[in-house]
Amino acid sequence: MPVARTRTLALVAVAPLLALAAGTSIAASPDGSALYQRNCASCHGADRQGTGLGPALSARTYRYGGTRGDIERAIHIGVPSQGMPAFGGILAAEEITAIAAYLPAREGQAEPEPDEDEQAAAEEPPREFDAVPGVVDTLDYAVRVEVFADGLETVWAMAFLDADTVLVSERPGRLRIVRDGVLQPQPVAGIPPVYVHSHRWNQAGLFDIAVDPEYGSNGWIYLSYSHPLDTTGPEGGPLAMTRVVRGRLRGNDWVDQQVVYEADHDHYGEPFWHFGGRMAFDREGRLHFSVGDRGVQELSREPGRPSGKIHRMLPDGTPAPGNPFQGREDALASVYSLGHRNPQGMAFEPATGRLWATEHGPRGGDELNIVRRGGDYGWPVVTHGINYDGTVLTPHQRADGVEQPAWYWRPSIGVSGLAFYAGNQFPLWQGKALVTALSPRQLRLLTIDGDRVQHEEILVTTQGRPYEPVVGPDGAIYLVTDNPGQILRLTAQEERRQ
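Just so it is clear, the model here is predicted, and its values are computed rather than measured.

A.B. asks: Can you help me understand the side chain of R465 in this one?
C.D. replies: With respect to the helices and strands, the residue R465 is situated in strand β23 (residues 465–471). Given a relative accessible area of 16%, R465 falls into the buried group. Among the polar contacts made by the side chain of R465, one reaches the side chain of D482 at a distance of 2.6 Å.

Below, the structure is given as structure tokens:
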């Protein structure tokens, strides 16, 4: 299948600085057309048709939004990753407004960015999947793979409430219960409405499930999902953003719901991709959750915007004390780290308590990161990936102050879920990391030594795309997959003697 790519491009301008240096004056009155010709046409063309220095400017080619406000903001702060300088210190505010008013605002439907696993699929074709049920040979064990639950749809996450009860999220917006190994016929009633787009590359829906560390006494369960507003955006689609709620189960009903995190509605957007949505509790009972860049990558490193971040909060939704940007007027108090593209796997390393996250890259550059308080992970200025069309996204793979990944995959594998093994089924895997790869449909085992990955092994290839690995109370490894929507259970049949 050919690789699709977003055809919305940034406002890019470099030559205006040269024009200004040569003595070209700025119009005294805010004439948008004249200002554009003097400051923008040398890069974008007199008729906005694009040149070798900058792309065409039209309602279908803006990458970072397309409203008047989006255009003004791009002119004001620039787009550093594309070589566009900030004009906020060069042009007056009314001149920037006049240029934005002269340019066409977005109308119609832009072609979306491909899903991460769709992109990776074009780079690394899937292998033949292993027999299910069956036995798979690995370096350390003969592993038995069996179907634990079947008849599901696009399973995104699962969580054990106890040894016999499992909650399962179906991305179309259903929460299911598997009790004593039997999938209950009716979804849980009363969960919040979830935004799901009809496009085949849709990434919106019901995402993760997290169980409160004090669940036995308080009964709280946390859900993340794409939350739609009643209003629509410039393209006519719903405005949506990642949201976190908590509630309790009473029989088959979701009750006592409370909103834990909801972004300011000004930060909602139309793209139906890059929601993040993964959650994890640390040893102190603080909730960490990811929000992807929502297709507006330049916002990822701005601490005042929720997208492209990992957030840290107390279970009731209060920003956790000690968060790195608390007290700053230009920052959100919930932000823990920034510069992320789309983290869809998060887990705490049992031995150290460190937070690790997997993150989708563009074309190439999938990452495994140690997430540090206040860390800047560089997106989109620093990446090991390239644009979907093969062109250079940024020349920088390193930069001062930017965290390097502990491991990255190039070409992409569509890396998704993450878990650290702790159990009695596979003692030789204690403390090792399990990651799922959506494109080749694999579960992989990473041996970690300190901050480095020393070895990577493919354990099993599945028929459906595996979104998350979970280590159960019985020490077995559970994999949730789509198409077919299943939960697979992996146990050790025998240990391989070295």
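A.B. asks: Got a minute to help me understand the pattern of salt bridges in this structure?
C.D. replies: It is possible for side chains bearing opposite charge to pair when their charged atoms get close. Using the criterion set out here, one finds 20 salt bridges in the structure. Here R301 and D376 are joined by a salt bridge, their closest N and O atoms 2.7 Å apart. Placement of the pair is R301 in the loop between β12 (287–291) and β13 (309–313) and D376 in the loop between β17 (366–371) and β18 (407–409), with a sequence separation of 75 residues. On the basis of relative accessibility, which here comes to 33%, the residue R301 falls in the partly exposed class. Take D376: its relative accessible area is 14%, and that puts it in the buried class. Between R372 and E403 there is a salt bridge; the shortest N-O distance is 3.2 Å. On the criterion of sequence distance, the pair formed by R372 in the loop between β17 and β18 and E403 in the loop between β17 and β18 is long-range, its members being 31 residues apart. Looking at R372, the relative accessible area reads 34%, which means it is partly exposed.

Conventions we followed
- Residues numbered from 1 in each chain as written.
- Predicted model: local features only at pLDDT ≥ 70, side-chain atom pairs only at ≥ 80, totals over all residues.
- Heavy atoms only, no water.
- Helix = DSSP H or I, 4+ residues; strand = E, 2+ residues; numbered from the N terminus.
- Buried < 20%, exposed > 50% of the residue type's maximum accessible area, 1.4 Å probe, protein only.
- Polar contact = N/O pair within 3.5 Å; in protein donor to acceptor, adjacent residues only side chain to side chain.
- Salt bridge = Lys/Arg side-chain N within 4 Å of Asp/Glu carboxyl O.

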